[in-house]
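Here's the letter readout for the chains.
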Amino acid sequence: MTAPRILVIVAHPDLTTSRITAHLTAGIRDLDGVTIRDLASAYPDRRVDTAVEQQLLRDHDTIVLQFPWHWYSVPGVLKEWMDQVLTHGFAYGNGGDQLHGKRLQLVISTGGPESSYTPTGHNRFTMAELLRPLEATAHLCGLDMAEPLILHSAHRVAPEELAAHIARYRELLSAVPAAAH
Ligand SMILES: Cc1cc2nc3c(=O)[nH]c(=O)nc-3n(C[C@H](O)[C@H](O)[C@H](O)COP(=O)(O)O)c2cc1C
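Residues numbered from 1 in each chain as written. Predicted model: local features only at pLDDT ≥ 70, side-chain atom pairs only at ≥ 80, totals over all residues. Heavy atoms only, no water.

(A) Summary view of the overall build of the protein chain. Looking only at helices and strands, the protein chain features seven helices and six strands. The order of α-helices and β-strands along the protein chain, N terminus first, is β-α-β-α-α-β-α-β-α-α-β-β-α. Over its C-alpha atoms the protein chain spans a radius of gyration of 16 Å, differing by no more than 12% from the 16 Å that the globule rule assigns to 181 residues. Reported as C-alpha extents along the three principal axes, the dimensions of the protein chain are approximately 45 × 35 × 30 Å. Considering the protein chain as a whole, with its 181 residues, one finds that 45% of them fall into the buried category. (Helix = DSSP H or I, 4+ residues; strand = E, 2+ residues; numbered from the N terminus. Rg over C-alpha atoms; globule rule 2.2 N^0.38 Å. Buried < 20%, exposed > 50% of the residue type's maximum accessible area, 1.4 Å probe, protein only.)

Structure, rendered in C-alpha coordinates:
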(Lines give C-alpha, C1' and ligand atoms only; values in the text may rest on other atoms or scores of the structure.)
Protein backbone atom coordinates (compact mmCIF):
# COMPACT_ATOMS: atom_id res chain seq x y z
CA MET A 1 0.00 0.00 0.00
CA THR A 2 1.24 3.49 -0.83
CA ALA A 3 0.03 6.92 0.26
CA PRO A 4 -3.34 8.04 -1.17
CA ARG A 5 -3.01 10.06 -4.34
CA ILE A 6 -5.21 13.12 -3.97
CA LEU A 7 -5.25 15.95 -6.50
CA VAL A 8 -6.68 19.20 -5.13
CA ILE A 9 -7.63 21.55 -7.95
CA VAL A 10 -7.85 25.00 -6.38
CA ALA A 11 -10.05 27.14 -8.60
CA HIS A 12 -10.13 30.71 -7.31
CA PRO A 13 -9.65 33.55 -9.82
CA ASP A 14 -7.09 35.22 -7.55
CA LEU A 15 -5.93 33.62 -4.31
CA THR A 16 -4.33 36.90 -3.18
CA THR A 17 -7.86 38.31 -2.74
CA SER A 18 -9.24 35.18 -1.07
CA ARG A 19 -9.80 34.54 2.61
CA ILE A 20 -11.60 31.18 2.65
CA THR A 21 -9.97 29.38 -0.30
CA ALA A 22 -6.51 30.63 0.73
CA HIS A 23 -6.96 29.35 4.31
CA LEU A 24 -8.39 26.01 3.17
CA THR A 25 -5.48 25.51 0.79
CA ALA A 26 -2.88 26.38 3.42
CA GLY A 27 -4.69 24.12 5.88
CA ILE A 28 -4.23 20.91 3.87
CA ARG A 29 -0.85 21.57 2.26
CA ASP A 30 1.12 19.31 4.63
CA LEU A 31 -1.11 16.25 4.24
CA ASP A 32 0.47 13.07 2.95
CA GLY A 33 -0.33 12.23 -0.67
CA VAL A 34 -1.91 15.60 -1.51
CA THR A 35 -0.95 17.48 -4.70
CA ILE A 36 -2.26 21.06 -4.87
CA ARG A 37 -2.87 22.64 -8.25
CA ASP A 38 -3.69 26.37 -8.21
CA LEU A 39 -5.28 26.92 -11.63
CA ALA A 40 -5.18 30.73 -11.68
CA SER A 41 -1.46 30.86 -11.00
CA ALA A 42 -0.69 27.93 -13.35
CA TYR A 43 -2.64 29.59 -16.17
CA PRO A 44 -2.80 33.39 -15.77
CA ASP A 45 -3.82 33.62 -19.44
CA ARG A 46 -6.46 30.85 -19.01
CA ARG A 47 -4.76 28.75 -21.73
CA VAL A 48 -4.91 25.37 -20.02
CA ASP A 49 -2.32 22.72 -20.95
CA THR A 50 -4.67 19.81 -21.62
CA ALA A 51 -1.96 17.11 -21.71
CA VAL A 52 -0.44 18.20 -18.38
CA GLU A 53 -3.82 18.36 -16.64
CA GLN A 54 -4.98 15.02 -18.03
CA GLN A 55 -1.76 13.35 -16.84
CA LEU A 56 -2.27 14.82 -13.36
CA LEU A 57 -5.77 13.32 -13.34
CA ARG A 58 -4.44 9.92 -14.45
CA ASP A 59 -1.84 10.02 -11.66
CA HIS A 60 -4.35 10.53 -8.84
CA ASP A 61 -7.25 8.46 -7.49
CA THR A 62 -9.20 11.21 -5.70
CA ILE A 63 -9.92 14.50 -7.42
CA VAL A 64 -10.90 17.44 -5.22
CA LEU A 65 -12.42 20.51 -6.82
CA GLN A 66 -12.07 23.34 -4.30
CA PHE A 67 -13.71 26.61 -5.26
CA PRO A 68 -15.83 29.61 -4.21
CA TRP A 69 -19.42 29.49 -5.45
CA HIS A 70 -19.73 32.06 -8.24
CA TRP A 71 -23.09 32.80 -9.79
CA TYR A 72 -24.57 29.51 -8.58
CA SER A 73 -21.81 27.62 -10.34
CA VAL A 74 -18.06 27.09 -10.63
CA PRO A 75 -15.76 30.12 -11.18
CA GLY A 76 -14.81 30.79 -14.81
CA VAL A 77 -11.28 29.46 -14.24
CA LEU A 78 -12.72 26.04 -13.36
CA LYS A 79 -15.22 26.04 -16.24
CA GLU A 80 -12.30 26.75 -18.57
CA TRP A 81 -10.36 23.83 -17.08
CA MET A 82 -13.39 21.53 -17.44
CA ASP A 83 -13.95 22.56 -21.07
CA GLN A 84 -10.32 21.96 -22.01
CA VAL A 85 -9.47 18.91 -19.89
CA LEU A 86 -12.59 16.73 -19.78
CA THR A 87 -12.39 15.95 -23.47
CA HIS A 88 -14.07 13.32 -25.64
CA GLY A 89 -11.98 10.16 -25.72
CA PHE A 90 -10.42 11.03 -22.36
CA ALA A 91 -13.25 11.70 -19.93
CA TYR A 92 -16.28 10.48 -21.87
CA GLY A 93 -17.33 8.98 -25.19
CA ASN A 94 -15.47 6.36 -27.20
CA GLY A 95 -12.43 5.25 -25.19
CA GLY A 96 -13.07 8.03 -22.68
CA ASP A 97 -12.64 5.97 -19.55
CA GLN A 98 -9.59 7.58 -17.95
CA LEU A 99 -11.52 8.86 -14.94
CA HIS A 100 -13.64 5.78 -14.35
CA GLY A 101 -13.75 4.70 -10.72
CA LYS A 102 -11.93 7.77 -9.39
CA ARG A 103 -13.49 9.72 -6.53
CA LEU A 104 -14.69 13.32 -6.89
CA GLN A 105 -14.87 15.53 -3.82
CA LEU A 106 -16.31 19.05 -4.12
CA VAL A 107 -15.19 21.62 -1.53
CA ILE A 108 -17.22 24.81 -1.89
CA SER A 109 -17.67 28.08 -0.06
CA THR A 110 -20.72 30.28 -0.57
CA GLY A 111 -21.48 33.86 0.44
CA GLY A 112 -25.13 33.00 1.12
CA PRO A 113 -26.12 31.36 4.39
CA GLU A 114 -27.40 27.78 4.40
CA SER A 115 -30.94 29.05 5.07
CA SER A 116 -30.90 30.99 1.79
CA TYR A 117 -30.48 27.77 -0.18
CA THR A 118 -34.04 26.52 0.33
CA PRO A 119 -37.21 26.68 -1.85
CA THR A 120 -38.48 29.69 0.10
CA GLY A 121 -35.08 31.24 0.75
CA HIS A 122 -33.27 34.10 -0.95
CA ASN A 123 -31.53 31.79 -3.42
CA ARG A 124 -34.67 29.72 -4.08
CA PHE A 125 -32.95 26.40 -4.79
CA THR A 126 -31.07 23.95 -2.62
CA MET A 127 -27.35 23.36 -3.15
CA ALA A 128 -28.18 19.77 -4.12
CA GLU A 129 -30.39 21.10 -6.93
CA LEU A 130 -27.83 23.67 -8.07
CA LEU A 131 -25.08 21.04 -8.06
CA ARG A 132 -26.97 18.82 -10.50
CA PRO A 133 -24.80 19.84 -13.53
CA LEU A 134 -21.66 18.79 -11.64
CA GLU A 135 -23.36 15.58 -10.56
CA ALA A 136 -24.25 14.89 -14.20
CA THR A 137 -20.65 15.65 -15.23
CA ALA A 138 -19.33 13.20 -12.63
CA HIS A 139 -21.78 10.56 -13.84
CA LEU A 140 -20.83 11.03 -17.50
CA CYS A 141 -17.13 10.75 -16.61
CA GLY A 142 -17.60 7.67 -14.41
CA LEU A 143 -16.49 9.56 -11.30
CA ASP A 144 -17.81 8.52 -7.92
CA MET A 145 -19.02 11.80 -6.37
CA ALA A 146 -18.75 12.09 -2.60
CA GLU A 147 -20.97 14.29 -0.41
CA PRO A 148 -19.79 17.89 -1.05
CA LEU A 149 -18.13 19.77 1.79
CA ILE A 150 -19.74 23.23 1.88
CA LEU A 151 -18.94 26.28 3.97
CA HIS A 152 -21.80 28.79 3.91
CA SER A 153 -21.83 32.47 4.98
CA ALA A 154 -18.22 32.80 3.88
CA HIS A 155 -18.09 36.56 4.55
CA ARG A 156 -19.25 36.21 8.14
CA VAL A 157 -17.54 33.03 9.24
CA ALA A 158 -15.60 33.52 12.50
CA PRO A 159 -11.94 32.45 12.73
CA GLU A 160 -12.79 29.56 15.06
CA GLU A 161 -15.55 28.31 12.70
CA LEU A 162 -13.11 28.46 9.82
CA ALA A 163 -10.55 26.51 11.86
CA ALA A 164 -13.20 23.86 12.63
CA HIS A 165 -14.09 23.66 8.95
CA ILE A 166 -10.42 23.20 7.99
CA ALA A 167 -10.20 20.41 10.58
CA ARG A 168 -13.20 18.68 8.92
CA TYR A 169 -11.57 19.09 5.51
CA ARG A 170 -8.31 17.56 6.81
CA GLU A 171 -10.22 14.63 8.35
CA LEU A 172 -12.05 14.04 5.11
CA LEU A 173 -8.82 13.91 3.08
CA SER A 174 -7.07 11.83 5.73
CA ALA A 175 -9.87 9.26 5.50
CA VAL A 176 -9.15 8.65 1.80
CA PRO A 177 -7.84 5.08 1.60
CA ALA A 178 -4.24 4.47 0.54
CA ALA A 179 -3.76 3.43 -3.09
CA ALA A 180 -3.38 -0.33 -3.53
CA HIS A 181 -0.45 -0.29 -5.97
C1 LIG B 1 -18.20 36.85 -9.00
C2 LIG B 1 -18.79 36.32 -7.72
C3 LIG B 1 -19.97 35.61 -7.75
C4 LIG B 1 -20.52 35.10 -6.56
N5 LIG B 1 -21.68 34.39 -6.63
C6 LIG B 1 -22.20 33.86 -5.50
C7 LIG B 1 -23.40 33.07 -5.57
O8 LIG B 1 -23.97 32.84 -6.63
N9 LIG B 1 -23.89 32.58 -4.41
C10 LIG B 1 -23.26 32.77 -3.19
O11 LIG B 1 -23.75 32.28 -2.18
N12 LIG B 1 -22.11 33.50 -3.11
C13 LIG B 1 -21.57 34.04 -4.24
N14 LIG B 1 -20.40 34.75 -4.17
C15 LIG B 1 -19.69 34.86 -2.88
C16 LIG B 1 -18.51 33.86 -2.84
O17 LIG B 1 -18.96 32.52 -2.92
C18 LIG B 1 -17.69 34.04 -1.58
O19 LIG B 1 -17.20 35.37 -1.60
C20 LIG B 1 -16.52 33.06 -1.53
O21 LIG B 1 -17.00 31.76 -1.29
C22 LIG B 1 -15.52 33.43 -0.47
O23 LIG B 1 -14.34 32.68 -0.69
P24 LIG B 1 -12.92 33.39 -0.89
O25 LIG B 1 -12.62 34.13 0.39
O26 LIG B 1 -11.98 32.26 -1.12
O27 LIG B 1 -13.05 34.30 -2.08
C28 LIG B 1 -19.85 35.31 -5.32
C29 LIG B 1 -18.66 36.05 -5.31
C30 LIG B 1 -18.13 36.56 -6.47
C31 LIG B 1 -16.84 37.35 -6.42
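(B) Summary view of the site of the ligand. Lining the immediate surroundings of the ligand are 17 residues, of which Ser18, Thr21, Trp69, Ser109 and Tyr117 lie closest. For the ligand, an oxygen atom lies 2.8 Å from a polar atom in the backbone of arginine 19. Interatomic distance of 3.1 Å between a backbone N/O atom of glycine 111 and a nitrogen atom of the ligand. In isolation the ligand exposes 640 Å². Once the protein is present, 73% of that is buried. Taken together, the residues that form the shell around the ligand break down as seven nonpolar, nine polar and one charged. (Near = heavy atom within 4 Å. Polar contact = N/O pair within 3.5 Å; in protein donor to acceptor, adjacent residues only side chain to side chain. Areas by Shrake-Rupley, 256 points an atom, 1.4 Å probe, with all protein chains shown as cover. Nonpolar A, V, L, I, M, F, W, Y, C, P; charged D, E, K, R; others polar.)

(C) Expanded view of the pairing of strand β1 (residues 6–10). Within β1, five of the five residues are buried, which leaves it mostly tucked inside the rest of the structure. Going residue by residue along β1, you find Ile6, Val8 and Val10 tucked away on one face and Leu7 and Ile9 tucked away on the opposite face as well. Pairing geometry for β1 and strand β2 (residues 34–38), over five bridges, is parallel. Residue isoleucine 9 lies in a different strand from β2, and its bridge partner there is arginine 37. Bridging between β1 and strand β3 (residues 62–68) involves five bridges; their strand directions are parallel. Within β3, the residue paired with leucine 7 across the bridge is isoleucine 63. (Pairing = 2+ DSSP bridges.)

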